[in-house]
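An overview of the molecular structure
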Amino acid sequence: MIVRLIRPAVSLLALMTLLLGIAYPLIIAGAAKLAFPHQAAGSLIYLDGKLIGSTMIGQSFSEPKYFWGRPSATTPQPYNGLASTGSNLGPLNPALIDAVKTNAKALHDADPDNQQPVPVDLVTASASGLDPEVSVAAAQYQAARVARARHLEPARVEALIKSHERQRLWGFFGEPRVNVLELNLALDRLR
């Protein structure tokens, strides 16, 4: 009696494992590689044949001549894809308040003459801790510092931000934003 019940259950488990655990992922991965080869490969960016990053994962920039991204909540190193997570700290948590103050102080120390309000995405981590983009306001907040550090006209840096601005998806999802890695690479090409 038990064997009659177990045999169909084991057979169904084996069939579902083959279909949903092997065949389906291979079909979806193959379709993604055909339809979106760059994205399916991780949206990787190479410079002179050397991998320098991905447009989908933030990187840590700290030099004044570069735009800085959102803080990362991953540990032990920032933007660690294996440790993707937010900080899960609530708005009244003293640790979050201290982190925001520390991040705001770093921004102020890097550009003491900047009297603009600090955009929230420059002092708080995203839910994944890996966000590669900042708001247009966050990029504009940093434009004067970057222009000064690179001895460029501020208008040229502002134009570069504008040229790298990504609009809302389908006109209404999300907010306008700038990919930090792509913007910094464009700055390096200005030489």
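Look up: the structure comes first, before these words.
Attention in this report is confined to the structure presented alongside it. (Residues numbered from 1 in each chain as written. Predicted model: local features only at pLDDT ≥ 70, side-chain atom pairs only at ≥ 80, totals over all residues. Heavy atoms only, no water.)

So, on to the overall build of the protein chain. When helices and strands are tallied, the protein chain shows 6 helices and 5 strands. Mapped from its N terminus to its C terminus, the protein chain presents α and β elements in the order α-α-β-β-α-β-α-α-β-β-α. The C-alpha atoms of the protein chain give a radius of gyration of 22 Å, which is well past the 16 Å a tight globule of 191 residues would have. Each principal axis of the C-alpha distribution contributes one length, and for the protein chain these read about 80 × 45 × 35 Å. For the protein chain, the residues scored as buried account for 30% of the 191 residues in total. Put simply, of all contacts in the protein chain between residues at least 6 apart along the chain, 58% involve residues at least 24 apart. Of the roughly 12,500 Å² of accessible surface on the protein chain, a fraction of 65% belongs to carbon and sulfur atoms. The average position of the 18 basic charges and that of the 15 acidic charges among the side chains of the protein chain differ by 10 Å. (Helix = DSSP H or I, 4+ residues; strand = E, 2+ residues; numbered from the N terminus. Rg over C-alpha atoms; globule rule 2.2 N^0.38 Å. Buried < 20%, exposed > 50% of the residue type's maximum accessible area, 1.4 Å probe, protein only. Contact = heavy atoms within 4.5 Å. Areas by Shrake-Rupley, 256 points an atom, 1.4 Å probe, with all protein chains shown as cover. Lys, Arg positive; Asp, Glu negative; His and termini not counted. Charge placed at Lys NZ, Arg CZ, Asp CG, Glu CD.)

As a further point, take helix α6 (residues 180–189). Burial runs high along α6: 8 of the 10 residues are buried. Buried residues of α6: Val180, Leu181, Leu183, Asn184, Leu185, Ala186, Leu187 and Asp188, and no others. On its buried face, α6 sits against β1 (44–47), β2 (50–54), β3 (133–135), α4 (136–150), α5 (154–163) and β5 (177–179). The backbone nitrogen of Leu181 lies 3.1 Å from a side-chain oxygen of the residue at the head of α6, namely Asn179. (Polar contact = N/O pair within 3.5 Å; in protein donor to acceptor, adjacent residues only side chain to side chain.)

To continue, consider the pairing of β2. Across 4 bridges, the pairing between β1 and β2 is antiparallel. Paired with Leu44 across the bridge in β2 is Ser54. Connecting β1 to the next strand, β2, in antiparallel fashion are 2 residues, including Asp48 with a positive phi near 55°. (Pairing = 2+ DSSP bridges.)

For the coordinates displayed, the defined rule picks out 9 salt bridges. One salt bridge in this structure joins Glu165 and Lys162, with 3.5 Å as the shortest N-O distance. Among the residues examined, Glu165 registers a relative accessible area of 19% and is labelled buried. Note that Glu175 is salt-bridged to Arg168, the shortest N-O span being 2.9 Å. (Salt bridge = Lys/Arg side-chain N within 4 Å of Asp/Glu carboxyl O.)

The residue Asp48 is not glycine, and still its phi comes out positive at about 55°. Among the secondary structure elements, Asp48 is positioned in the loop between β1 and β2. Although it is not a glycine, Trp170 adopts a positive phi angle of roughly 55°. Looking at the secondary structure, you find Trp170 in the loop between β4 (165–166) and β5.

On to the packing of aromatic side chains, then. Think of a pair of aromatic rings as described by two things: how far the centres are apart, and how the planes are tilted against each other in angle. With the rule as written, the count across this model stands at 3 aromatic pairs. With centroids separated by 5.8 Å and ring planes inclined at 65°, the aromatic side chains of Trp170 and Phe173 adopt a geometry described as edge-to-face. The class of Trp170 is exposed, set by a relative accessible area of 68%. Residue classification places Phe173 among the partly exposed positions, given a relative accessible area of 44%. (Phe/Tyr/Trp six-rings, centres within 6.5 Å; stacked < 30°, edge-to-face > 60°.)

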